[in-house]
Amino acid sequence: MVNQEELRNKAKEVLEREDVRRLIGWKRGTYGFEAAPCVIEKPEEAVNLIFDPTCVQNSASFIVLEEKLPVPRGQEPDTRKIAVMVKGCDSRAIVQHIVEKAYDRDDIVILGIPCTGVLDRRKAEKVFGIIEKPAEASTEGDKVIVKVGNEQKEFERSEILMDKCLRCRHPNPVISDILLGEEVEKWADDDFSDVQEFESKSPKDKWSFWEEQFSKCIRCYACRNVCPMCYCIDCVVTKLRPQWTRRSTDISENTVYHIQRAWHLAGRCIECMECERVCPMNIPIMTLNRKMTLEVKQMFDYEPGLDVEAKPLLASYNPQDPEEYIM
Amino acid sequence: MNGSKKKIGVYVCHCGINIAAVVDVKAVAEYASKLPGVVVARDYSYMCSDPGQALIKDDIREMGLNRVIVASCSPRMHERTFRKAIAEAGLNPYFLEMANIREQCSWVHEDPDEATEKAKKLVEAAVAKAYLLEPLEEKEVDVTPACLVIGAGIAGIQAALDIADAGFKVYLVEKSPSVGGHMAQLDKTFPTLDCSACILTPKMVDVASHPNIELMTYSQVESVEGFVGNFKAKIRKKARFVDTEKCTGCGICAENCRLAGRIPSEFDEGIGMRGAIYLPFPQAVPAKYTIDPEHCLQITKGKCGKEGPACKASCNADAIDFDQKDEIVEVEVGTVIVATGYDVFDPHRKPEYGYEENPNVMTGLEFERLVSASGPTGGKIIVGRDRKGEGGFEPKKVAFIHCVGSRDKSVGNEYCSRVCCMYLAKQAHLIKDKLPDAEITVFYMDVRAFGKGFEEFYDRVRREGIRYVRGNPSEIFKKGDDHTLIIKVEDTLTGKPLEHEADLVVLGVGLEPRGDIREIIDIFKLSQSTDGFFLEAHPKLRPVDTAVDGVFLAGCCQGPKDIPDTVAQAKGAASSALMLMASGKVKVEAQVSVVNKDECRGCGLCVEVCPFGAIELVEENRQGNIVMVANVNEALCKGCGSCAAACLSGAIQTKSFKDEQILPQIAVLGVKTE
Amino acid sequence: MSEEFEPRVVAFLCNWCSYAGADLAGTSRIHYLPNVRIIRVMCSGRVNPLFLVNALQQGADGVLISGCHPGDCHYLEGNYYARRRFVLMRKLLEHIGVEPERVNMSWVSASEGAKFAEVVEKTVEGVKAVGPMNQFRRRQINW
Amino acid sequence: MGEYKFSKENLGKVLEALKDYKVYAPQKKADVVRFQELSDPSEITLEFTNTNVPPKEIMFPQTETLFRFKVGGQDIEPRVPEPTDKMLVFGLRPCDARAYSIVDKLWQWDFIDPYVKNRRESSTIVGFACSEPCANCFCTSLGGGPADEENLDAILFDLGEVFYLKTITEKGDEFVQKCGEALESAGDVERKNAQAQGKEAIEKIRRSIEVEGISEKLPGLFNDAIWKEFSSRCLGCGICTYLCPTCHCFDIQDETEALDGRRARMWDTCMFAEYTLHASGHNPRPTRAERTRNRISHKYSYFPEKFGVVACVGCGRCINFCPVNIDILDILGKVKEA
């Protein structure tokens, strides 16, 4: 795992460059099993940075979350680079951002961090409950060590890591300028068996599952806002003219919201699972995205977030595309 | 405009009994009159008739209607009519919406109640949409009265002549030093057997001398910008190193060239030789010599013999100029005709036919040069001569092979080249003509003699004693050390495997898209059909148009053709171009896409999906921050709306088909209220 | 149930092929079921797949997109994009439990009036078989 | 005020008996505990620290029809819940009950909201004392407590094998009458255990903030850098506000279906950009910094100024559920330092 000193020094160096305006990374949280993402501008702030399995959040989201303020008359906009620390999944978001021209490759400095998996707070809280002090964690081989106060517990990956990590195909950053620590060995793969299994259900059973899930939704839009791929200026979901989805929360509007969300991520989702992690109502949102990911793979042999030269899936076609259901 | 109160008029047409016999038009009008915003709803026997239209116009004037719904036939029939009508009454023509209650109700449903119910809904949907219709303006752009014709083969020549004769300026651009294209290389033409050069050369001379045609040979289109009616083209005139003003075409330079007869002649398909300074062929137009910079010693080595370039020394006109540079000329045209032609299939891609190693295996086009009186052998059929043109022999057994590089998946050409069957038949005939004792065999898959006089010609050839064997040779190789070749083939009629002997094999090579077709594609953003040739706008109804307004196709660049078809298409392309230039104005689509710059995030999805290259990303100053946003070139946009469906935030919309105009229709047609 | 159930199908037809095909069905007086209500768009490429979702939410029991045959698109490529979007959206809807029979697409050229009628029959029969759309259909305004 | 007890297995019986109440109680559905109308007593769960969504949704549903109308017509049908249908809110935590009384001040301020008012008046509140507060609870800092009785009609203690039920108001007693014979009267043992449990619970509260002075301090920090510091990682989602028992903002929208229409109100949140977006396109709270500032200031400054009480009960939800660890105690701490 990456040495924290090295991480901070590198971050400091980068922040000292005068072509860099801010750095996105993680610092220790105020409690519990999740770190706090942070955006820092002063080199001296680098001492707070950390990276360990508590750094769950997708740092790339905060690149597109930055608000562009009006530039006062007579002043120049600050076009210096943004530096960002990324795990494997975070880095895929950056690639996809570049594919979609959210920014140019040279608008950012990427500090890549090979990742050995991040904690699933839900799994951890089943063991420890919500804890008042921030936990620390590390990995050794295929064991995960979690330190709560002075109590220390060792876990199998599957017991404590997020599901996305248990099927991670890209633990190492797929794009970076500076690589922190050594690349790690890929220890997992994804056979999408969960999706396949779900598909075997009847339409009726599928719906009764989703009906129950979607009816829980309170439309806080955390799943949308946290998504590194959701950064439209005016999201169709909350648009009033035309109003695609009503604001009222009922099974109809909630379902349509989730369809819209999943649809707009088809061929764009980079599988960071943030949407599902942040949901306060425990809706298995990733299942929708994974369905799309699988179909996109099988039908169009396409995987987003890997190649900055790639064309967006739905802005391209192949005359031989499948059309078995077309009359 | 959109804010103002909506005053909608609904007009339900009986269409005689066409509609009224099934749909209760009174009930539909009654229903419509109760819909929000509707101030008047009438039914009338024939809305499209003058009194019918008058009805609408009067209501617009008297009641101040600002939206009009006509419930009648398909908008594909009368949308224009009614747009014109309401415009005459001072309403924007795009404030019209039609409900198709004939083709979609009375003509397809028997049950009057069901048909009426559906008609009501269609009208209601039209009203819902009309609510949100916006006024659009129809823009017109001027058309520059000039045409750029690319390629001076028979297609380009014909198109250029037609347009020039109509009195419009033509810029005819040809890559090679002379006009004429492939047709100039041919000896005789099937099935009439008239001499190709004899019918072509007069036209070649015409294009050179026509006052309205500016001929640019040895030139290439570098780039084109703009849109229909207003193209700007950059053309590179390559340096000939010969001052065409001075050159008299006497040819002394070529005789004296140190490399004379040492360089394979492109025109003679490599059977004949030329020098570094050359005239492609005797009747070349213009009859001006050109120095080949790739071979000329003076240019490649910087020195030619002790006493300098012989050509320069020998030229009495002092036309040779080694300091000549490429020159870029810019022309403005309103229309473009692409007539870039084809390449013949390269038999190296079918090594089993031994084209590489056996001089007596040749392509059909090489054979044309061989039999041509103007060819290297003066028309004598002698194969296997050395580089100096010495030696060689007269073939006794000649074999022709069909479909080389056509109808052949293994080389990626599934299509039929359409000319090979006939040119091989013709060539077989020519041999019979010149070598009556030669034994001639043709190996074919099918013989396709579909054209005027083709079948008759094919008959005639067979009657002349030429053997047709149905079979697709698998292999051709040399037997022993004389020049006898063995053709391995199965006679698919008898099912017998044969080892056929021949001392001359002519490969009926097919036609392929030019190797450099990409250049043109990139310049005009044209598309290719699956066979790789240029894609026409519609396979049946718009065979000479392209997706790009003002750019037309002629000849084999669109697909294999024989000469008459090529000429016909060239004339078609010419008249299409003339229509635009004659009217002098062209309407550009009014229902185009429009970008909400505040919502656009500049992802470029729309740019990617636009088939017409009408959208580009441009810089936008957003409160001091420079961002990229999409921008639509209304002259290029055709309003298909693919961009609107691709856009994630709905920032780009297509006028008259905006999301906010379609969703209300969906709502009406979905909700059950009966 | 499905005897008296008359489904409502919202169809999006491209102006140049399928809408013309529907017109031809009319001019040739080919009778078909009245359940399909047509919305004209210039190209199947205009059809935002969310239109289908919206239609199903607004009360349609089934939806249909129809465009030019591959290669014949009046705008060259629109139907290829439409196809990609459609097959994906169909999978998504299928996943949350919308019967695939409700989500249809066809290629109908201007000359295929008879085929259009066929497509309508097929679609309506398919939707009838699976019954009314009750999954995320918008409920009528109530308390 | 009476004291009662009943054995755990009798919980069902008790609820069964409450026929003439519309009972709202915590139920676990699809992995989430939430207050919902209790159709089947066996559906109830009391195995929870606190519900994700606060029971404010009983009094102030996320989506509520205000009235119906006909498109084009003038006639509207207003509809206000009848005060007569009695409601029982069973098993909510003291902090959430406290939130009711805080927000009441607003609902019954210059305009009396009939929808909420009627529900509040017709409802009996039976609290459920906390024995195991969560790590981010800080109710004690805001005058509440795990067994706080403020605004409750009765309170329930889980004493292991039995429930100890103590009534606080007449409404509470009235409710007890309806509970049927499963109820026995409780004695000193239960009282003592309950009191002990309450004390212990207070001991277990691990986080706190000295609220004193914050209200006065905030206005001065209007343009302070701390807001940017915290908001730079804010997602601008609605979690902290939607899940807050005292947040009460709503939006009003008209919805139509053919010619039928309704005017409905639904939860809104000051953390969304649209919340303050003007029709002109101008937004007086252009970034998440101003929105974060507003959320804190509203709870700890504007509301107390107007109504004399802090609009926060220390339930800890906004801390627990924030995906990016924006911790209100962390913010308040910085406010005090500043």
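Small disclaimer: the values here were computed from a predicted structure and weren't measured.

Participant: I'd like a rundown of the interface of chain A and chain C, residues and numbers included.
Facilitator: At the junction of the two partners, chain A supplies 42 residues and chain C supplies 41 residues. Scanning the region where chain A abuts chain C turns up four salt bridges. Our count for the chain A to chain C interface comes out at 18 residue pairs in polar contact (both at pLDDT 80 or more). At the level of elements, helix H7 (193–199), helix H8 (203–216), helix H10 (251–265) and helix H12 (285–300) of chain A are the ones that each hand at least two residues to the side of chain A that touches chain C. Considered class by class, the residues forming the side of chain A that touches chain C number 26 nonpolar, eight polar and eight charged.

Participant: Give a description of the sheet that holds strand S22 (residues 475–478) of chain B that names residues and reports values.
Facilitator: All names here are of chain B. Taken in spatial order, the three strands of this open sheet run S22-S23-S24, and their pairing is antiparallel. The open sheet has two edge strands with one neighbour each: S22 and strand S24 (496–502). Here the strands of the sheet are splayed against their neighbours by 25 degrees on average, with no regard to which way each runs. Relative to S24, strand S23 (residues 485–491) runs antiparallel, the two being bridged by seven bridges. Residue pairing across strands places Ile486 opposite Glu501, the latter belonging to S24.

Participant: How would you sum up helix H10 (residues 288–307) of chain D? Please name residues and give values.
Facilitator: By the largest-angle criterion, His298(D) marks the main kink of H10(D), which is about 55 degrees. One or two positions beyond H10(D), positive phi appears at Gly308(D), with a value near 75 degrees.

Participant: Now, about the domain arrangement of chain D: what can you tell me, with residues and values included?
Facilitator: Residue and element names in this part refer to chain D. Domain boundaries in chain D define domain 1 (3–204) and domain 2 (214–337). Summarising the inter-unit geometry, the C-alpha centres of domain 1 and domain 2 are found 26 Å apart. Taken residue by residue, the interface counts 39 residues in domain 1 and 42 residues in domain 2. Contact between domain 1 and domain 2 buries roughly 3,600 Å² in total, counting both sides, with carbon and sulfur atoms accounting for 65%. Among the residues domain 1 hides against domain 2, the three largest losses belong to Lys56, Gln62 and Phe138. Together they make up 18% of the total. A salt bridge links Asp96 to Arg317; the nearest nitrogen and oxygen atoms lie 2.8 Å apart. Remark: the boundary between domain 1 and domain 2 carries 21 residue pairs in polar contact (both at pLDDT 80 or more).

Participant: I'd like a rundown of the pattern of salt bridges, residues and numbers included.
Facilitator: Under the definition given, this model contains 116 salt bridges over all chains. Across the pair Glu100(A) and Arg601(B) runs a salt bridge whose closest N-O atoms are separated by 3.1 Å. You can see Glu100(A) sitting in the loop between helix H3 (88–99) and strand S5 (108–112) and its partner Arg601(B) sitting in the loop between strand S29 (593–595) and helix H16 (605–609), one on each of two chains. For the pair Glu100(A) and Arg601(B), a shared accessibility class is recorded, and that class is buried. Across the pair Glu266(B) and Arg274(B) runs a salt bridge whose closest N-O atoms are separated by 2.7 Å. Exposure remark for Arg274(B): the relative accessible area of 8% places this residue in the buried category. Salt bridges here are not isolated pairs; linked through shared partners, they connect Arg92(A), Arg167(A), Arg169(A), Asp190(A), Asp194(A), Glu271(A), Arg290(A), Lys297(A) and Glu303(A).

Participant: Go over the pairing of S5(A), please, and point to the residues and values.
Facilitator: Of all five residues making up S5(A), five are buried, and the element is well covered by its neighbours. Once the chain exits strand S4 (residues 81–86) of chain A it traverses H3(A) before rejoining the sheet at S5(A), and the crossover so formed is right-handed.

Participant: Can you break down the confidence of the model for chain D residue by residue, with the values?
Facilitator: Reading fine detail from the predicted coordinates is not recommended where pLDDT is low. Confidence in the prediction for chain D averages 93 pLDDT; 99% of positions are at 70 or higher. Listed scores for the predicted complex are pTM 0.83 and ipTM 0.92.

Participant: So what's going on with the packing of helix H6 (residues 154–165) of chain B against helix H15 (residues 563–583) of chain B? Residues and values would help.
Facilitator: All names here are of chain B. For the pair H6 and H15, interaxial distance at closest approach is 8 Å and the crossing angle is 35 degrees. Crossing of H6 against H15: the hand is right-handed. Of the residues in H15, those in contact with Ile154, Ala155, Gln158, Ala159, Asp162 and Ile163 of H6 are Thr566, Val567, Ala570, Lys571, Ala574, Ala577, Leu578 and Met581. Among the residues forming the contact of H6 with H15, the class breakdown is ten nonpolar, two polar and two charged.

Participant: Please give an account of the interface of chain C and chain B that cites residues and values.
Facilitator: Tallying the contact residues gives 47 residues for chain C and 49 residues for chain B. Carbon and sulfur atoms supply 56% of the area that chain C and chain B bury against each other, a total of about 4,200 Å² over both sides. Taken together, the links from chain C to chain B amount to three salt bridges. Between Arg76(B) and Asp23(C) there is a salt bridge; the shortest N-O distance is 3.9 Å. Our enumeration of links across chain C and chain B arrives at 15 residue pairs in polar contact (both at pLDDT 80 or more). Where the side of chain C that touches chain B is concerned, the elements lending two or more residues are strand S1 (9–14), helix H1 (18–27), strand S2 (36–41), helix H2 (49–58) and helix H3 (78–96) of chain C. The dominant element in the side of chain C that touches chain B, judged by the number of residues it contributes, is H1(C), at seven residues. Its residues assigned to classes, the side of chain C that touches chain B shows 24 nonpolar, twelve polar and eleven charged.

How each quantity is defined
- Residues numbered from 1 in each chain as written.
- Chains lettered and ligands numbered in written order.
- Predicted model: local features only at pLDDT ≥ 70, side-chain atom pairs only at ≥ 80, totals over all residues.
- Heavy atoms only, no water.
- Contact = heavy atoms within 4.5 Å.
- Salt bridge = Lys/Arg side-chain N within 4 Å of Asp/Glu carboxyl O.
- Polar contact = N/O pair within 3.5 Å; in protein donor to acceptor, adjacent residues only side chain to side chain.
- Helix = DSSP H or I, 4+ residues; strand = E, 2+ residues; numbered from the N terminus.
- Nonpolar A, V, L, I, M, F, W, Y, C, P; charged D, E, K, R; others polar.
- Pairing = 2+ DSSP bridges.
- Axes fitted to C-alpha atoms, helices over the stretch in contact; angles between N-to-C directions.
- Bend = angle between axes of the 7 residues up to and from the residue.
- Domains from an automatic or database assignment.
- Buried area = accessible area lost by both parts, 1.4 Å probe.
- Buried < 20%, exposed > 50% of the residue type's maximum accessible area, 1.4 Å probe, protein only.
- Right-handed = clockwise from strand over helix to strand, strands pointing away.
- pLDDT = per-residue confidence, 0-100.
- Left-handed = near helix turned anticlockwise from the far one by under 90°.

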